[in-house]
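# Tertiary structure, described
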Amino acid sequence: MMEKIRLGVVGLGSRGKGMFDLALRIDGVEAAALCDCNPEMLEPLREKYPQACFFEDFDEMLESGKIDTLLVETPAENHAKFCAAGLERGVNVFSDIPTVATIAEAEMLWQVARNSSAMFMCGANPNFWGFVEAMVDLHRQGMLGKPYYLEAEYIHDVRHLFEKTPWRKYIPPIKYCTHSLGPLLRILSEDLRTVSCISTGSQINKEPGQNDLMTAHFHTDSGIVVRLTISFINEAGCGLHSYRVFGTEGYFERMAERGKQPSRTVFRSKRLYGMQNTTELDVNYMRPEYANNAKAEGHGGADYAMFDRFFAALRNGEKVSPVSLREGLRMTLPGIYAAESAAAGGKLVTIRYPWDAMDENSPPQA
């Protein structure tokens, strides 16, 4: 049980500052420490958080004993080392996505987490959207039957962010797959096992090393197919996130906005009288339980919902993370293998996870 949560943050770009401020809206969370290797990022915040300690060295912050919980908001390609360092010192960790950047990092972080008494939470905000929860509820109630084909699209022209966040410029977009796979994997008990992925290369900027659009087909051992398409350089003018689930008993679709056409969520099922015809659901990003909460902001309230669940789990002494490391790796590693497949011209690649070698009687998942 934790009555007060002493929160520290590493990485104070716009996302880091915003997420730290949002986390402090949760009762019982206090600003304990802030860390960034660039002192210019720290100076403007000293007056805002006079009670907090400021560090340019991450290890010094951990060794200070000032924090018991860490928010990792560094650039996307280097989350793992900060997460591991926190967990090794028994500090609870909330990490933005993607969870890791390489297969080796996944193995390392998995072992560290299994040997740590601290809690890790993957900051997969799409998992907390209202329409995603509706999809999960319909699946739990048997209205969709067994999903056998699922797909997601993440279409977002991010060229305006290249200067501010340079990592976006050359990252293979398929590696940034957590927003798409996270919600779908909530209704799949099987891990994705093989992938074939292809890329358009750079058709717009004609710049070597860039990929305008990548599309991947994943398979599970039982033959379930998951298709994923991601584009970060395009002239589509639509997006961002779309999802479709084909089940043996029903169908679910969330279609992102298309210009002036608003986003919509539809469902049909032969298991429920009156639902044999496609019906539009009155559900959007905001979860109903936060609809009247003025504090609930960030990606349609999902960022706040993540913090609310994470800190509640810590306060209540829960043993299972709201979004565990295993869940984080299930939605991250397939993208890394997909990028490997694309680099080999679409070659079929087997996806491996750190827990594949575990004995069935080993301790609970990290």
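Up top you'll find the structure we're talking about.
Residues numbered from 1 in each chain as written. Predicted model: local features only at pLDDT ≥ 70, side-chain atom pairs only at ≥ 80, totals over all residues. Heavy atoms only, no water.

## Considerations on the overall build of the protein chain
When helices and strands are tallied, the protein chain shows eleven helices and 17 strands. Against the 2.2 N^0.38 benchmark of 21 Å for 366 residues, the protein chain shows a C-alpha radius of gyration of 21 Å, consistent with a compact globule. Looking at the protein chain residue by residue over its 366 residues, the buried ones come to 54%. Counting only contacts in the protein chain whose residues sit at least 6 apart along the sequence, the fraction spanning at least 24 positions is 67%. With the model as given, the accessible surface of the protein chain reaches about 16,400 Å², and the carbon-plus-sulfur share is 49%. (Helix = DSSP H or I, 4+ residues; strand = E, 2+ residues; numbered from the N terminus. Rg over C-alpha atoms; globule rule 2.2 N^0.38 Å. Buried < 20%, exposed > 50% of the residue type's maximum accessible area, 1.4 Å probe, protein only. Contact = heavy atoms within 4.5 Å. Areas by Shrake-Rupley, 256 points an atom, 1.4 Å probe, with all protein chains shown as cover.)

## Digging into the nonpolar core
If you look at the biggest cluster of nonpolar residues, it comprises 120 residues, and the most contacted ones within it are Leu34, Phe58, Leu70, Ile174, Phe218, Phe307 and Phe311. Considering every element that reaches this core, the biggest residue donor is helix 9 (residues 302-315), with nine residues. (Core = buried A, V, L, I, M, F, W, Y, C linked by side-chain atoms within 4.5 Å.)

## Concerning helix 8 (residues 178-185)
Most of helix 8 sits out of view: eight of its eight residues are buried. For helix 8, the elements touching its buried residues are helix 6 (130-140), strand 7 (147-155), strand 10 (225-231), strand 12 (241-247), helix 10 (325-330) and helix 11 (333-343).

## Some words on the pairing of strand 7
Pairing of strand 7 with strand 12, which is carried by seven bridges, proceeds in the antiparallel orientation. Bridged to Leu150 within strand 12 is Val245. (Pairing = 2+ DSSP bridges.)

## Some thoughts on the sheet that holds strand 9 (residues 213-219)
Reading across from one edge, 16-15-13-12-7-10-9-8-17 is the order of the nine strands in this open sheet, with mixed pairing throughout. A strand with exactly one partner marks an edge of an open sheet, and here the two such strands are strand 16 (279-280) and strand 17 (349-350). The pairing of strand 7 with strand 10 spans seven bridges and is parallel. In the strand pairing of strand 10, Tyr149 is matched with Val225. Its contacts with the sheet place helix 8 against strand 7, strand 10 and strand 12, and it is angled at close to 155 degrees to strand 7. (Axes fitted to C-alpha atoms, helices over the stretch in contact; angles between N-to-C directions.)

## As for the layout of surface pockets
Looking at the largest pocket, its volume works out to about 1,100 Å³. If you list the elements that add at least two residues to the lining of the largest pocket, you get helix 1 (14-23) and helix 7 (167-170). Here the lining of the largest pocket takes six residues from helix 1, the largest share from any one element. Its residues placed into classes, the lining of the largest pocket shows 21 nonpolar, 16 polar and nine charged. (1 Å grid on protein atoms, 1.4 Å probe; cavity = no way out; pocket = protein on both sides within 12 Å on 5 of 7 lines; lining within 4 Å. Points joined across faces, edges and corners; volume = space filled by probe spheres on them. Nonpolar A, V, L, I, M, F, W, Y, C, P; charged D, E, K, R; others polar.)

## Focus: the packing of aromatic side chains
As enumerated under the stated definition, the model contains 18 aromatic pairs in all. A centroid spacing of 5.5 Å and a plane angle of 55 degrees characterise the contact between Phe94 and Phe310, whose relative ring orientation is tilted. Remark: Phe310 occurs in helix 9 and Phe94 occurs in strand 5 (residues 92-96); sequence separation between them is 216 residues. Of the two residues, Phe94 and Phe310, neither departs from the other in class, the shared state being buried. Considering the side-chain rings of Phe131 and Tyr285, the 5.4 Å spacing of their centres and the 70 degrees angle between planes classify their relative orientation as edge-to-face. With a gap of 154 residues between them, Phe131 in helix 6 and Tyr285 in the loop between strand 16 and helix 9 connect regions that are remote in the sequence. Classification of Phe131 as buried rests on a relative accessible area of 1%. An aromatic cluster is defined as three or more aromatic residues linked by ring pairs; in this entry it consists of Phe94, Phe307, Phe310 and Phe311. Directly above the ring of Tyr285 sits Arg254, whose terminal nitrogen or CZ lies 5.0 Å from the centroid. (Phe/Tyr/Trp six-rings, centres within 6.5 Å; stacked < 30°, edge-to-face > 60°. Lys NZ or Arg CZ within 6 Å of the ring centre and 35° of its normal.)

## What to know about helix 4 (residues 80-88)
Of all the nine residues making up helix 4, seven are buried; the element is thus mostly covered by neighbouring parts of the structure. Trailing helix 4 by a residue or two, Gly90 shows a phi angle of about 75 degrees, which is positive.

## Overview of the pairing of strand 5
With five of five residues buried, strand 5 lies mostly within the body of the structure. What you see with strand 5 is no split at all: Asn92, Phe94 and Asp96 on one side and Val93 and Ser95 on the other are buried throughout. Pairing of strand 4 (residues 69-72) with strand 5, which is carried by four bridges, proceeds in the parallel orientation. Along strand 5, the bridge assignment pairs Val72 with Ser95. What joins strand 4 to strand 5 is helix 4, and the crossover it makes is right-handed. By the bridge criterion, four bridges tie strand 5 to strand 6 (residues 120-123) in an arrangement that is parallel. Of the residues in strand 6, the one forming a bridge with Val93 is Phe120. (Right-handed = clockwise from strand over helix to strand, strands pointing away.)

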